[in-house]
Amino acid sequence: MIIEKKRGRVKELMEAMDTFGIELIDTNVKTTKGAFLISTCMQGMDGETREAQETKELLLDIISAI
């Protein structure tokens, strides 16, 4: 994921992911040229699996909301 670098932005992202029941595992955050680059593995907190397209759409919705 790449999001704009602003104070509190990563915290908002983590809170939103938690709200949707997504747990981030092995997360790495780097900053470069005014943006955050976040690489991570995700899993549903309830053990639920999601299709790649469904996950992409959910992440786009979350990122646009924060």
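Residues numbered from 1 in each chain as written. Predicted model: local features only at pLDDT ≥ 70, side-chain atom pairs only at ≥ 80, totals over all residues. Heavy atoms only, no water.

Participant: Mind showing me how you'd approach the overall build of the chain here?
Facilitator: Along its length, the chain carries two helices and three strands. Along the chain direction, N to C, the helices and strands of the chain fall in the order β-α-β-β-α. Against the compact-globule benchmark of 11 Å for 66 residues, the chain has a radius of gyration of 12 Å, which places it among compact chains. With respect to the three principal axes, the spread of C-alpha positions in the chain is 35 × 25 × 20 Å. Every one of the 66 residues in the chain was classed for burial, and the buried ones make up 24%. Restricting to contacts in the chain with at least 6 residues of sequence separation, those with at least 24 account for 51%. (Helix = DSSP H or I, 4+ residues; strand = E, 2+ residues; numbered from the N terminus. Rg over C-alpha atoms; globule rule 2.2 N^0.38 Å. Buried < 20%, exposed > 50% of the residue type's maximum accessible area, 1.4 Å probe, protein only. Contact = heavy atoms within 4.5 Å.)

Participant: How should the nonpolar core be read in this particular structure?
Facilitator: Side chains of a nonpolar character, in soluble globular proteins, are inclined to be buried together. Among the nonpolar cores identified, the biggest contains twelve residues, and these are Ile 3, Leu 13, Ala 16, Met 17, Ile 22, Leu 24, Phe 36, Ile 38, Leu 58, Leu 59, Ile 62 and Ile 63. When contributions to this core are tallied by element, the ones reaching two or more residues are α1 (9–19), β2 (22–32), β3 (35–44) and α2 (52–65). The element that contributes the greatest number of residues to this core is α2, accounting for four residues. Among residues more than four places away in sequence, those in contact with Ala 16 are Ile 62 and Ile 66. (Core = buried A, V, L, I, M, F, W, Y, C linked by side-chain atoms within 4.5 Å.)

Participant: What is the right way to read the pairing of β2 from this model?
Facilitator: Every regular strand shows the same layout, with side chains that alternate between the two sheet faces. Taken together, the nine bridges between β2 and β3 define a ladder with antiparallel strand orientation. What sits directly across from Leu 24, in β3, is Met 42. Between β2 and the antiparallel strand that follows it, β3, lie two residues; Lys 33 among them carries a positive phi value of about 45 degrees. (Pairing = 2+ DSSP bridges.)

By themselves, these are just geometric observations and shouldn't be taken as functional.
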